[in-house]
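# Structural overview for review
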Amino acid sequence: MYAFALDSEFAREVRCGLTRTEQKTLPCRYLYDDVGSALFEAITHLPEYGLTRADTRLIQAHAGELVDWLPRNTIVVELGSGNGMKSKPIIERLRRRQIAVYYPIDLSSTALAKCAEELAPLGAVCPLNTSYLEGLREVAERRAEGQNLLALFLGSTIGNFEPEAAIDFLYAIRLTMHPGDALLLGTDLVKPVERLLAAYDDPTLVTAAFNLNMLARINREIGGDFDLRQFEHVIRYDEQAQRIEMHLRSRIYQIVSIRGADLIVDFVPNETICTEACYKFCPEQIRTMARTAGFRLEAQWIDEEWPFAENLLVAV
Ligand SMILES: C[S@@+](CC[C@H](N)C(=O)[O-])C[C@H]1O[C@@H](n2cnc3c(N)ncnc32)[C@H](O)[C@@H]1O
């Protein structure tokens, strides 16, 4: 059953991340299979996790202003749309003045199906079940003469990239754009450590389940035999790097085999696998990042309840 699994990118990346000599890692995009996407949606409703509500509040409050600013005939593309609920106010405002065309891009086909169902009544929804940049390049190729582009990258997903990779990623987005095209970038801001730790380590253990599901996914899809009860969810904050880290810590010495990745790997007690890093930002950092990647920061809206910035970047 798993004979050809190493052909899959998932198996190769699992093997690569778990054979690292220093910190074992697993890429965070694999957190979002069907179970993971459903758990992430539950996280966005948790009282401790204010990020999604802040992002949503800012978009609701400023969608009109944003759309008024956009040139006529703008198409919208969202990178990692999830269920697309946050973009709804933007599409609603856009359709008051033009046919709304919306391309949600996501690796999760379940999230995309939900997104298409929610937003189809508002305009032409064209889901792309692929990775961020592949999807964006496809949209850029499909765009007609005279069409302008608004890309959305919400939820502070940019914080999952290492700082240099974040700039490279923004620059790669910029390369698909024409001057005057726009990127709405959501960024979670630095805040008191206790608030951050609570947001990623809720007492109902939904985030723990989201994290552990990574191992369950390896078991399901590529023949792993992780005993999930022998790993625990751990959150760390690196204050200097302004980074939350999500880990899975081995409770005991144990040996795990993953047939599809042709791998047998051992864990000493307390050894961790890092499954996600979430960088937090200061408002001024966004301006610098934008400039370095070929954008100018046209507007920045900040939520007062949960420090979070919505940034309108324009390709120069
Ligand atoms: C943190 S969720 C954010 C969802 C939504 N944008 C929000 O702000 O609530 C990240 C989403 O991006 C998707 N995703 C992660 N890595 C991806 C990649 N490399 N290419 C496309 N989608 C990706 C996941 O499936 C998930 O739906």
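Above this text is the structure in question.
To keep things clear, this report deals only with the structure shown in the data block. Predicted model, so just to flag it, every value in this text is computed and none were measured.

Quick look at the overall build of the protein now. Along its length, the protein carries 10 helices and 13 strands. Against the globule reference of 20 Å for 316 residues, the protein gives a C-alpha radius of gyration of 20 Å, in line with a compact fold. Taking the principal axes of its C-alpha atoms as reference, the protein extends roughly 60 × 45 × 35 Å. When burial is assessed residue by residue, the protein has 42% of its 316 residues classed as buried. Counted over contacts in the protein with a minimum sequence separation of 6, partners at least 24 positions apart contribute 70%.

Now for the pairing of strand 2 (residues 74-79). With six of its six residues buried, strand 2 lies for the most part within the structure. Going residue by residue along strand 2, you find T74, V76 and E78 tucked away on one face and I75, V77 and L79 tucked away on the opposite face as well. The pairing of strand 2 with strand 3 (residues 101-105) spans four bridges and is classified as parallel. Bridge pairing in strand 3 places V77 opposite Y103. For the crossover that starts at strand 2, traverses helix 4 (residues 88-94) and ends in the parallel strand 3, the hand is right-handed.

Unusually for a residue other than glycine, N73 sits at a positive phi of about 60 degrees. For N73, the position within the fold is in the loop between helix 3 (51-69) and strand 2. Positive phi, close to 75 degrees, is recorded for N270, a residue that is not glycine. Looking at where N270 falls in the secondary structure, it is placed in the loop between strand 10 (263-267) and strand 11 (272-279).

Residues in close proximity to the ligand total 19 residues, the closest being R29, Y32, G80, G82 and G155. Among the residues forming the shell around the ligand, the class breakdown is seven nonpolar, nine polar and three charged.

Turning our attention to the environment of R20. Locating R20 in the fold gives a position in the loop between helix 1 (9-18) and strand 1 (24-25). For the pair R20 and Y103, spaced 83 residues apart in sequence, the C-alpha separation works out to 37 Å.

Attention now moves to the sheet that holds strand 6 (residues 182-188). An order of 4-3-2-5-6-13-12 is seen for the seven strands of this open sheet, with the pairing classed as mixed. If you trace the sheet from one side to the other, it starts and ends with strand 4 (124-125) and strand 12 (295-302), each paired once. In this sheet, strand 13 (residues 308-315) lies alongside strand 12 in antiparallel orientation, the contact comprising seven bridges. Paired with R296 across the two strands is V314, which belongs to strand 13. The strands touched by helix 3 are strand 6, strand 12 and strand 13; relative to strand 13, the strand with the most contacts, the crossing angle is about 45 degrees.

Quick look at the environment of P27 now. For P27, the location among the structural elements is in the loop between strand 1 and helix 2 (34-43). The contacts of P27, once residues within four sequence positions are left out, are E13 and G17.

Bringing the sheet that holds strand 8 (residues 243-250) into the picture now. With mixed pairing, the four strands of this open sheet are ordered in space as 1-11-8-7. If you trace the sheet from one side to the other, it starts and ends with strand 1 and strand 7 (231-238), each paired once. Bridging between strand 1 and strand 11 involves two bridges; their strand directions are parallel. When the bridges of strand 11 are listed, T25 appears paired with C274.

The subject of this paragraph is the nonpolar core. Taken as a class, soluble globular proteins show a tendency for nonpolar side chains to be buried jointly. Formed by 64 residues in total, the largest nonpolar core has its most connected members in V76, V77, A151 and L183. Counting residues per element, this core draws most heavily on helix 3, which supplies six residues. Both domain 1 (5-31 + 198-279) and domain 2 (51-191 + 281-315) contribute no fewer than three residues apiece to this core. Residue contacts for L183: discarding those within four places in its chain leaves A151, F153, I173, F295 and L313.

Parameters and conventions
Residues numbered from 1 in each chain as written. Predicted model: local features only at pLDDT ≥ 70, side-chain atom pairs only at ≥ 80, totals over all residues. Helix = DSSP H or I, 4+ residues; strand = E, 2+ residues; numbered from the N terminus. Rg over C-alpha atoms; globule rule 2.2 N^0.38 Å. Buried ≥ 20, exposed ≤ 12 C-beta atoms within 10 Å, placed from the backbone. Contact = placed C-beta atoms within 7 Å. Pairing = 2+ DSSP bridges. Right-handed = clockwise from strand over helix to strand, strands pointing away. Near = placed C-beta within 6 Å. Nonpolar A, V, L, I, M, F, W, Y, C, P; charged D, E, K, R; others polar. Axes fitted to C-alpha atoms, helices over the stretch in contact; angles between N-to-C directions. Core = buried A, V, L, I, M, F, W, Y, C linked by C-beta atoms within 7 Å. Domains from an automatic or database assignment.

Shape descriptors only; they carry no functional weight alone.
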